[in-house]
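Observations on chain architecture
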Amino acid sequence: MTIDSMINNILDSYKEFGGINESGVESFPNRENVVDVLHELQFLVFPGYKNAEEINSENVKYVTGQRVNKIISILTKEIQKALIYEVESCDSKGEVKNSHCFGLAEKTALALIQEIPKIRRLVHLDVIAAFNGDPAAKSDEEVIVSYPGLDAIVVHRLSHFLYSCGVPVIPRIMSEYIHSRTGIDIHPGATIGEGFFIDHGTGVVIGETTVIGNNVKIYQGVTLGALSVKKDLQDKKRHPTIEDDVTIYANATILGGRTVIGKGSVIGGNTWIMKSVPPYSTVSQN
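Attention here is on the structure that accompanies the text.

Each value, and the rule that gives it
Residues numbered from 1 in each chain as written. Predicted model: local features only at pLDDT ≥ 70, side-chain atom pairs only at ≥ 80, totals over all residues. Heavy atoms only, no water. 1 Å grid on protein atoms, 1.4 Å probe; cavity = no way out; pocket = protein on both sides within 12 Å on 5 of 7 lines; lining within 4 Å. Points joined across faces, edges and corners; volume = space filled by probe spheres on them. Helix = DSSP H or I, 4+ residues; strand = E, 2+ residues; numbered from the N terminus. Nonpolar A, V, L, I, M, F, W, Y, C, P; charged D, E, K, R; others polar. Patch = residues over 30% accessible without salt bridge, like charges linked within 9 Å, V, L, I, M, F, W, Y side chains within 5 Å. Areas by Shrake-Rupley, 256 points an atom, 1.4 Å probe, with all protein chains shown as cover. Salt bridge = Lys/Arg side-chain N within 4 Å of Asp/Glu carboxyl O. Pairing = 2+ DSSP bridges. Buried < 20%, exposed > 50% of the residue type's maximum accessible area, 1.4 Å probe, protein only. Polar contact = N/O pair within 3.5 Å; in protein donor to acceptor, adjacent residues only side chain to side chain. Contact = heavy atoms within 4.5 Å.

Moving on to empty space enclosed by the protein. Summary: where empty space remains is shown by rolling a probe the size of a single water molecule over the atoms. Inspection of every chain in the model, using the stated rule, returns 3 cavities of 30 Å³ or more. Approximately 40 Å³ is the volume found for the largest cavity. Along the walls of the largest cavity sit Asp126, Ala130, Tyr147, Gly149, Leu150, Ile153, Phe196, Phe197 and Ile198, which together make up its complete lining. Listed by contribution, the elements that provide at least two residues to the lining of the largest cavity are helix H4 (98–133), helix H6 (148–164) and strand E3 (197–198). The biggest single contributor to the lining of the largest cavity is H6, with 3 residues. Here the residues of the lining of the largest cavity are counted per class, giving 7 nonpolar, 1 polar and 1 charged.

A positive phi angle is found at Val169, which is not glycine, with a value near 65°. In this structure, Val169 sits in the loop between H6 and helix H7 (170–182). One non-glycine residue, Asp245, lies in the positive phi region at around 60°. Along the chain, Asp245 falls in the loop between strand E8 (241–242) and strand E9 (247–248).

As a further point, take a nonpolar patch on the surface. Taken together, the side chains of Met1, Ile3, Met6, Ile7, Ile10, Leu11, Tyr14 and Ile20 make up a nonpolar region of the molecular surface, amounting to roughly 800 Å² of accessible area. In this fold, Ile10 is placed in helix H1 (residues 3–17).

Below, the discussion takes up the pattern of salt bridges. Enumeration over the complete set of coordinates arrives at 10 salt bridges. A cluster of three or more residues bridged by salt bridges with shared partners is formed by Asp36, Glu40, Glu53, Arg67 and Lys70.

So, on to the sheet that holds strand E12 (residues 266–267). Taking strand neighbours across the sheet as the criterion, the 5 strands line up as E3-E6-E9-E12-E14 in an open arrangement whose pairing is parallel. Pairing within the sheet leaves two strands with one partner each, and these edge strands are E3 and strand E14 (282–283). Pairing geometry for E9 and E12, over 2 bridges, is parallel. Paired with Ile248 across the two strands is Ile267, which belongs to E12.

What follows deals with the side chain of Thr259. Structurally, Thr259 is set in the loop between strand E10 (253–255) and strand E11 (260–261). Exposure remark for Thr259: the relative accessible area of 2% places this residue in the buried category. A polar side-chain atom of Thr259 sits 3.3 Å from the main-chain carbonyl oxygen of Met274. Ignoring sequence-local partners within four residues, the contact set of Thr259 consists of Pro240, Thr241, Ile254, Ile273, Met274, Lys275 and Ser276.

Structure below.
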């Protein structure tokens, strides 16, 4: 078989099985573009920590402006793609025009940039929680550059904002990218309060409808998950609520949308919980 015939067979498979994402506003969002935007957003949260570019008082305004404009340009196009794809999937008449999707996408990208100071405040509290919660941490800076739990939380706070704005697909691309890097799986729909600390982090799973209060600390292998339900219950609360000041130790599993872990409770390692726990309880294996 010649090279040309091999190429033609591959092209024929594109026609037969699909799975090709052509360029253009009516295509599916491009993963590499979304990840590129995510890196630029991470720069805005912690400039100068995770790249080789020199930052000083003289160039920080220029460098920040450069990043902001790049984010708005790329993210607007990718959100537009996501909106158009969702409209076409749900409405074959295409009643929402591309221009409307572009306007909404640009508005959302600008809203995210406007939200960055608030996200930085929350992340600052997350850094403090990690430093105070881990005796091995020597400085805030060490937490910023080396703690995978913080990386996952930063990306979650960015992706959760887009999720809350109704942006399809893109928040999941962001969350699954950082999942692959850290081993920490946080659905962008999860609601997480201030001062959140994930220690070690590998194997942590936090589901879409999870609600986590302030000053919560969890260890590796913790699952905040759902009981097995039918697909038509996807819009119901399926994951637990964790109230303020709770600590959950390694490999604990907490399941169910009606399960509430009361304020100030301590959940021991390797426990399996499907019922609510009163405030200030300690739960351990028998």
